[in-house]
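Below, each chain spelled out in residue letters.
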Amino acid sequence: AYHRVSVEPVGREVRCREDQPILDACLRAGIWVPHSCTHGTCGTCKAELIDGEVDHGNASAFALMDFERDEGKVLLCQASPRSDLVVEADVDVDEGLELHPVRDFTGTVTELADVARDIRVVRIALDEELRFAPGQYVALRVPGTPATRTYSLANPPTQRRLLELHVRRTPGGLASDGWVFGPMAAGERVSLSGPYGRFVFRPARPEPAIMVAGGTGLAPIASMIRHALAAPSGPRLYLYHGARTRADLYCVDEFRALAAAHPDRFRYRPCLSEQTPEDPAGGGWDGGAGLVTDVLAADFDRCSGHVGYVCGPPPMVDAALKLLMRKRLFPRDIYREDFFSEA
Ligand code: FES
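The structure displayed is predicted, hence computed values, not measured ones.

Counting secondary structure elements, the protein chain contains 7 helices and 19 strands. Here the C-alpha radius of gyration of the protein chain, 21 Å, is about what a compact globule of 343 residues would show, namely 20 Å. Each principal axis of the C-alpha atoms in the protein chain carries an extent, and together these give about 65 × 45 × 40 Å. Sequence separation of at least 24 residues holds for 68% of the intrachain contacts in the protein chain that already meet a minimum separation of 6.

What follows is the structure, encoded as structure tokens:
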């Protein structure tokens, strides 16, 4: 059964099945509503139910508290309609953003490459083109289970049929240990949907960009950098990529080559947290020594006049946000993505 969902304040109407999350119906219709985890845990997709009945699905009690439910709030990634509805979401779309409707795709795994300790790059050739903005992600179906796992696209958006995902291994993880680091092989067929997310490169912003990535949080930022540097001109980009040791760092040769090819536009600072500043040359390491935020703090007196893009594990994201704000960057100039590496 279908119900009609009116989405305010944009005044658009979508058809939504009784077993379909409202968020999914909106994104497939090309209506942008905020979302992040798509699993009912982060609260980003919270909206107001103005009229009608919903099934709240698996909304976590933390993301949607009882009193909020009583006040008529819903999590759009979980709620499905039980009648025609009117919802009010926070649907402002930033200028200069090109966001594409979510669709289902199928493809074939073409390559698995071990690029660092417990990090594997997966390449998937799609049967059809996927249009996305650099920084967005896809949800990959885990075979033999109802589960999906989200992975940022590291390929630039001009590369619409060959996806690159960076997967970190989590011991015992259903998708990483149990599949990507297990039986997954070249030639395997996969299905996925996307694109999701709004942690995207802002082409309308002329300011130089400070990009801070932790671990596989590099993936969306790699897409942004590969995309931006392919254009004949653009803002200056600084990439700070943090890892624990040299064995945990990847894409080093590629970014060094990009920095050498674009000396005025791109500066690359790989940082190793287990390298002490007192011993920066230890083991022949010539990059940053210490936490990514400490290296950044030493490089910049002030960050005002820049924009920030931050993606990585939540503690790193928090530390980077605090630092950038202390260095005079306003929250509205910082784009962030918390990278919960789901097992
Ligand atoms: Fe995270 Fe809905 S709760 S997107």
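This part is about the environment of Gly187. Summarising the element assignment, Gly187 is placed in the loop between helix 3 (176-180) and strand 13 (189-196). Between the C-alpha atom of Gly187 and that of Arg103, which follows or precedes it by 84 residues, the distance is 22 Å. Residue contacts for Gly187: discarding those within four places in its chain leaves Thr108 and Val109.

Structurally, the protein chain comprises domain 1 (2-88), domain 2 (103-196) and domain 3 (209-338). Centre-to-centre, using C-alpha coordinates, domain 2 lies 24 Å away from domain 3. Contacts between the two partners involve 18 residues from domain 2, matched on the other side by 15 residues from domain 3. When the two sides are added together, the surface that domain 2 and domain 3 hide from each other amounts to roughly 1400 Å², 57% of it contributed by carbon and sulfur. Considering only the surface of domain 2 that becomes buried against domain 3, Arg117, Pro134 and His166 emerge as the three largest contributors, covering 36% of it. Linking domain 2 with domain 3 are 2 salt bridges, by the criterion used here. Of the charged contacts, one joins Glu164 and Arg226 as a salt bridge, the two residues approaching to 3.2 Å between their closest N and O atoms. Between domain 2 and domain 3 we count 8 residue pairs in polar contact (both at pLDDT 80 or more) in total. Elements that contribute at least two residues to the side of domain 2 that touches domain 3 include exactly strand 8 (103-116) and strand 12 (162-168). No other element matches strand 12, which puts 4 residues into the side of domain 2 that touches domain 3. Split by residue class, the side of domain 2 that touches domain 3 holds 11 nonpolar, 4 polar and 3 charged.

What counts and what doesn't
Residues numbered from 1 in each chain as written. Predicted model: local features only at pLDDT ≥ 70, side-chain atom pairs only at ≥ 80, totals over all residues. Heavy atoms only, no water. Helix = DSSP H or I, 4+ residues; strand = E, 2+ residues; numbered from the N terminus. Rg over C-alpha atoms; globule rule 2.2 N^0.38 Å. Contact = heavy atoms within 4.5 Å. Domains from an automatic or database assignment. Buried area = accessible area lost by both parts, 1.4 Å probe. Salt bridge = Lys/Arg side-chain N within 4 Å of Asp/Glu carboxyl O. Polar contact = N/O pair within 3.5 Å; in protein donor to acceptor, adjacent residues only side chain to side chain. Nonpolar A, V, L, I, M, F, W, Y, C, P; charged D, E, K, R; others polar.

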